[in-house]
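Spelled out, the chains give:
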Amino acid sequence: MAGLGVYRALSRVFPHSFRAKLMAVVAGCTLLPLGVFLAWLLLHDGPTQQQLVLSVSLTVIVTLLGVLAALFLLYHLLTPLRMMVDVVQAYQHEHRLPELPEDGRDEVGLLMRGINCGLREIDDGMRELEKHALEDPLTHALSRRGSDRSLHECIEHAEQGQPLMLYVLDVDNLKPVNDVYGHAAGDRMLTDLVTTSQRWLRDHDWIGRWGGDEFLICIHDEPSPANERVQHWLRDLAAPRPDGIPISVSIGCAQYRPGTDAAELYREADAAMYAAKARGGSMLVCDDGDHGGHGGHDGSLRRLASG
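In short, a report on the structure. As the structure is a prediction and not an experimental result, all values here were calculated from the model.

Cut-offs used in this document
Residues numbered from 1 in each chain as written. Predicted model: local features only at pLDDT ≥ 70, side-chain atom pairs only at ≥ 80, totals over all residues. Heavy atoms only, no water. Helix = DSSP H or I, 4+ residues; strand = E, 2+ residues; numbered from the N terminus. Rg over C-alpha atoms; globule rule 2.2 N^0.38 Å. Buried < 20%, exposed > 50% of the residue type's maximum accessible area, 1.4 Å probe, protein only. Areas by Shrake-Rupley, 256 points an atom, 1.4 Å probe, with all protein chains shown as cover. Lys, Arg positive; Asp, Glu negative; His and termini not counted. Charge placed at Lys NZ, Arg CZ, Asp CG, Glu CD. Salt bridge = Lys/Arg side-chain N within 4 Å of Asp/Glu carboxyl O. Phe/Tyr/Trp six-rings, centres within 6.5 Å; stacked < 30°, edge-to-face > 60°. Lys NZ or Arg CZ within 6 Å of the ring centre and 35° of its normal. Core = buried A, V, L, I, M, F, W, Y, C linked by side-chain atoms within 4.5 Å. Contact = heavy atoms within 4.5 Å. Pairing = 2+ DSSP bridges. Expected span 1.5 Å × (residues − 1). Disulfide = S-S within 2.5 Å.

1. Comments concerning the overall build of the protein chain
Broken down by element type, the protein chain carries 10 helices and 6 strands. Compactness check: the protein chain gives a C-alpha radius of gyration of 36 Å against a globular reference of 19 Å for 307 residues, more than 25% above the reference. Sorting the 307 residues of the protein chain into buried and exposed places 41% on the buried side. Approximately 17,200 Å² of the protein chain is accessible, and the part contributed by carbon and sulfur atoms is 60%. Taking the average place of the 28 positive charges on the side chains of the protein chain and the average place of its 41 negative ones, the gap between the two points comes to 5 Å.

2. A few points about the pattern of salt bridges
Applying the stated criterion to the full structure yields 16 salt bridges. A salt bridge links D179 to K175, with the shortest nitrogen-to-oxygen separation between them at 3.0 Å. Linking D179 with K175, this pair stays in helix 7 (residues 174-181), spanning 4 residues, or about one helical turn. Judged by its relative accessible area of 55%, D179 is exposed. K175 sits in the exposed class, given a relative accessible area of 58%. A salt bridge links R257 to E268; the nearest nitrogen and oxygen atoms lie 2.9 Å apart. With R257 in the loop between strand 4 (249-255) and helix 10 (262-278) and E268 in helix 10, the pair connects residues that are 11 residues apart, well separated along the chain. In this structure E268 comes out as buried when scored by relative accessible area, which is 3%.

3. Describing the packing of aromatic side chains
In the structure shown here, the tally under the stated rule is 3 aromatic pairs. Here the aromatic rings of Y7 and F18 are separated by 6.3 Å at their centres, their planes lie at 45°, and the arrangement is tilted. Of the two residues, Y7 sits in helix 1 (residues 5-13) while F18 sits in helix 2 (residues 18-43), which places them 11 residues apart along the sequence. We note that Y7, like F18, is buried. When the centroid spacing of 5.3 Å and the interplanar angle of 35° are considered together, the rings of W210 and Y266 count as tilted. Of this pair, W210 sits in strand 2 (residues 206-211) while Y266 sits in helix 10, and the two are 56 residues apart along the sequence. Y266 gets classed as buried once you look at its relative accessible area, which sits at 18%. In this structure, R82 is placed above the aromatic ring of Y75, and the distance from its NZ or CZ to the ring centre is 4.3 Å.

4. Digging into the nonpolar core
Grouped together as the largest cluster of nonpolar side chains are 30 residues, with contacts concentrated most on Y167, L169, L193, I217 and I251. Where this core is concerned, the elements lending two or more residues are strand 1 (165-171), helix 7, helix 8 (183-198), strand 3 (214-219), helix 9 (223-238), strand 4 and strand 5 (284-287). Apart from the residues within four sequence positions on either side, L169 is in contact with L193, D213, E214, F215, I217, W233, V249, S250, I251 and M273.

5. Observations regarding the pairing of strand 1
Summarising burial for strand 1: 7 of the 7 residues are buried, a large majority. By the alternation rule, side chains of strand 1 split into M165, Y167, L169 and V171 and L166, V168 and D170, which are all buried. Examined bridge by bridge, strand 1 and strand 3 share 6 bridges and lie antiparallel to one another. Each bridged residue has a counterpart across the sheet, and for L166 the counterpart in strand 3 is C218. When strand 1 meets strand 4, the two strands line up antiparallel, connected through 7 bridges. Across the sheet, residue V168 finds its bridge partner in strand 4, namely G252.

6. Quick look at helix 10
If you check helix 10, its first and last C-alpha atoms are 24 Å apart, about what 17 residues at 1.5 Å a residue would give, namely 24 Å. Where helix 10 terminates, the next one or two residues include G280, which has phi positive at roughly 115°.

7. Comments concerning the state of the cysteines
Under the counting rule described, the total for this entry stands at 1 disulfide. For the unlinked cysteine C154, the closest cysteine sulfur is that of C218, found at 4.1 Å. The exposure class assigned to C154 is buried, which follows from its relative accessible area of 4%.

Shown next as structure tokens:
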């Protein structure tokens, strides 16, 4: 890296000690002129006053030049320390991983390797913690926190013109399955529900566990093709699985309209889901978005045949 020339040059002479590099610069640039002057005095018996004045003057000038050279060399020798400060600040503010050189074998080289390794381990740990915070540990769908974050991101994309459909799902027969077959069977139902959905969800679509047996699905598509995919999935879920237990799901959906926020879109899809449960479950009911008529919100709900 640029700026490491002095450090690397002195590393050839003092590869294992940064303190030796510092002492060499200070001693070589400031003490050497004084040493030469003292040696001259010892070698010359009784120098004349003129010679003494000239020697002292030259020694002072050379020493001052040596101090300037020492300051210059120390400034560049400390470049690795400035680089370490920069990469720590870059990670703190921008989460940018460090790229410090790792070829040094002295204390500074060990410190640079330690910063590289430490910040990478911290970053890996933070990513793992974020993954656990945003992912449901049982089904590996998004967690409630992850779903909430993703829903707001979807709203932002919808505000830019992308179509958006939100589906609220509730598993109708989870409690009976838990009561009869045990919670392990209920857990398999939830896991299968998520696994089968991920086979047809596209890159920008997602499923999240909102809590218990309630899930959210966001699909960036127009209502007709999105509903068609969900209905096909609903029919597949109702078919007996290898353990002989079908999955009955009530689904409510709502379409994003300009000006709709995440909470309002969820309330509409959630109300449609409860309407699906009230009509017997295992069906898809959609909110048409027309809430201004005399029928109120209930008048905007429309059942879509599931098969």
